[in-house]
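# Observations on chain architecture
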Amino acid sequence: MATAVSTPTDKSDEHEEAAPQVVKLDPALLVRDECNAREHDTEPDEKLIASVKELGVEEPISVRPRPDGTFGVFKGWRRAQAAQAANAAAEQDGRPVRLVMAYVREDLVGRDGWTRFLSLVENDHREGMSERDTLRAQELALIDMTDVDRRTAAKALGVGRNAAKQAKAAQKLNDAVLRRTAAAGMDLEQTAQLAEVAGVRGAEDRLMRALSRDHAEGKGGRGHWDQEMALLRAEQADAKTRAKAEEELRAANIPLLGRVPSYEKDPSRPLTELTSGLGNPLTEDNHKNCPGHSARLDDEHRAVWHCADPAAYGHKVRAQPKKPKTEEDEHKAEERARIVACNRAWKAAAGPRQEFVKRLVRGKTLPDEARLFAQQILMDLPRFYGKWADKQRTQTVALLLGAKDPENDSASETAASFPKNRLANVLFAQVAAAFEDAIREPKQFDTARMTHVYLWESPDRLQAAYLLLLESLGQADDGSYQLSEVEQQAVASHRPKAAA
């Protein structure tokens, strides 16, 4: 039985059709609302039950009416259960039972998303709600809301427009990791990104260190985090490429040879070192019916065809002098591994770099340093810029201007959407696109030296100036962008101090 105690006040905000009524409810009519954000640790402890037995429920709970005459509790369910336990004990002792003060939110009937959001805010401000419950409530609440409610709720929670998807992704992490991310101060987007690359060995530790570096700088930026995420994504993509190559070999019933310990002799040989019994070259086609037909994957995950045991299957080793393994060979292997790692890092660094350029271009005011840099390139017309213009490839320009589909959206039409006072932004996007396309591949041919070079070792003067400009602008923007380690390595000799 419910008895009204006070009358409603005037409407307080656009989300409420009427201010909630405060009434007294019989605890027996209370059930847990399906949109209560707390899904774990929902039982009242003995201390709370003892308090309610003595004093009753002092703070009103919040409920929604249900069609069967009961009331769903979305705020204060543990207090409601304590009241039920206290009344059960009172009935056994022959003492009078107590009613519970409650806000009856008739305006929330049918508004599950907003109800869950209000429950989330209530529980998030109290101790004991788990990180998993918080993420689950954020996901379900934001999905169920109207666009207007979602914008308001996201602002109140301090999350972005993709919060529902991020909350769902973050729930893939186990409870221990979620507790560590919360303690370290990861935001919802960062927690979701950790979940994205959690399968990469050491991902959590590496991201924690990057987060710590961003926090230590005290500017509120996430430049170190973005660079580490780019590397982890590149490593994850590399692992997927290898897994795909391995799966293709398994599907073709071709054994993949593993590593052989240094103390054991490896009987296998690549086909390029073998001939048939008659001395004819062995290839994939003429060797595939051999029982020893197998493969190893090279650094780029391409199949290198082998015979698992040439002597057993009648093959001959091509005559060639056997060279003992030397320190020089070991040095070459180490250098090859370094080149592979630096090439991967160089390509990964393009992601955070281009995202930062997009933010600059889409900003209301382009930094003066960026305007002057673009102006210099357009006036001097360096050779690389002319070659880039001749190719008439505008996808990167469209990307940096913020086109939704850079491969198909016209760069000129995207640029036309910019206000007249942002012409400098558009011109900087074009100049940046020329640089981005020019430095896309880490290995390039240097016409001046007539040899191939790696940009992470020796970029030219203008390429280094472009990277140093972005580094400076990122630092000025509260550290929102940092050069990656491989980019810092590239520009080291071009820094003003180094030149002095």
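As the structure is a computational prediction, the values presented were derived from the model and not from experiment.

### Structural notes on a positive patch on the surface
Taken together, the side chains of Arg383, Lys387, Lys391 and Arg393 define a basic patch exposed on the protein surface. Relative to the helices and strands, Lys387 is located in helix H14 (residues 383–391).

### With respect to the pattern of salt bridges
With the rule as written, the count across this model stands at 30 salt bridges. Its salt-bridge partner being Glu34, residue Arg66 comes within 3.3 Å of it at the nearest N-O pair. Of this pair, Arg66 sits in the loop between strand S4 (61–65) and strand S5 (71–75) while Glu34 is found in the loop between strand S3 (30–32) and helix H1 (46–55), placing the two residues 32 residues apart along the sequence. Look at the salt bridges and you will find they share partners, linking Asp33, Glu34, Arg64, Arg66 and Asp112 into a network.

### Overview of the side chain of Glu436
Along the chain, the position of Glu436 falls in helix H17 (residues 423–438). When residues no more than four places from it in sequence are discounted, the contact partners of Glu436 are Arg353, Gln354, Thr396 and Tyr466.

### Remarks on the pairing of strand S9 (residues 293–297)
In terms of residue burial, S9 counts as a mostly covered element, since 5 of its 5 residues are buried. Residues of S9 alternate between two faces, with His293, Ala295 and Leu297 on one and Ser294 and Arg296 on the opposite face, all of them buried. Relative to strand S10 (residues 303–307), S9 runs antiparallel, the two being bridged by 5 bridges. Directly across from Leu297, in S10, lies its bridge partner Ala303. The antiparallel hairpin formed by S9 and S10 contains 5 residues in its connecting segment, where His301 sits at a positive phi of about 65°.

### Some details on unusual backbone geometry
A positive phi angle is found at His301, which is not glycine, with a value near 65°. Secondary-structure assignment places His301 in the loop between S9 and S10. You will see that Gln392, though not glycine, has its phi angle at about 55°, which is positive. Relative to the assigned elements, Gln392 resides in the loop between H14 and helix H15 (395–401). Accessibility expressed as a relative area gives 68% for Gln392, which makes it exposed.

### Concerning the packing of H14 against H17
Orientation of H14 relative to H17, taken along the N-to-C sense of each, is 95°, at an axis distance of 10 Å. Put simply, H14 runs roughly perpendicular to H17. On H17, the residues touching Phe384, Tyr385 and Trp388 of H14 are Gln430, Val431, Ala433, Ala434, Phe435, Asp437 and Ala438. Class assignment of the residues belonging to the contact of H14 with H17 gives a composition of 8 nonpolar, 1 polar and 1 charged.

### Notes on the environment of Phe418
In this structure, Phe418 sits in the loop between helix H16 (411–416) and H17. Distance in space between the C-alpha atoms of Phe418 and Val361 is 9.9 Å, their sequence separation being 57 residues.

Analysis parameters
- Residues numbered from 1 in each chain as written.
- Predicted model: local features only at pLDDT ≥ 70, side-chain atom pairs only at ≥ 80, totals over all residues.
- Heavy atoms only, no water.
- Patch = residues over 30% accessible without salt bridge, like charges linked within 9 Å, V, L, I, M, F, W, Y side chains within 5 Å.
- Areas by Shrake-Rupley, 256 points an atom, 1.4 Å probe, with all protein chains shown as cover.
- Salt bridge = Lys/Arg side-chain N within 4 Å of Asp/Glu carboxyl O.
- Lys, Arg positive; Asp, Glu negative; His and termini not counted.
- Charge placed at Lys NZ, Arg CZ, Asp CG, Glu CD.
- Helix = DSSP H or I, 4+ residues; strand = E, 2+ residues; numbered from the N terminus.
- Contact = heavy atoms within 4.5 Å.
- Buried < 20%, exposed > 50% of the residue type's maximum accessible area, 1.4 Å probe, protein only.
- Pairing = 2+ DSSP bridges.
- Axes fitted to C-alpha atoms, helices over the stretch in contact; angles between N-to-C directions.
- Parallel < 35°, antiparallel > 145°, perpendicular 65-115°, else oblique.
- Nonpolar A, V, L, I, M, F, W, Y, C, P; charged D, E, K, R; others polar.

That's the geometry; what it means functionally is another story.
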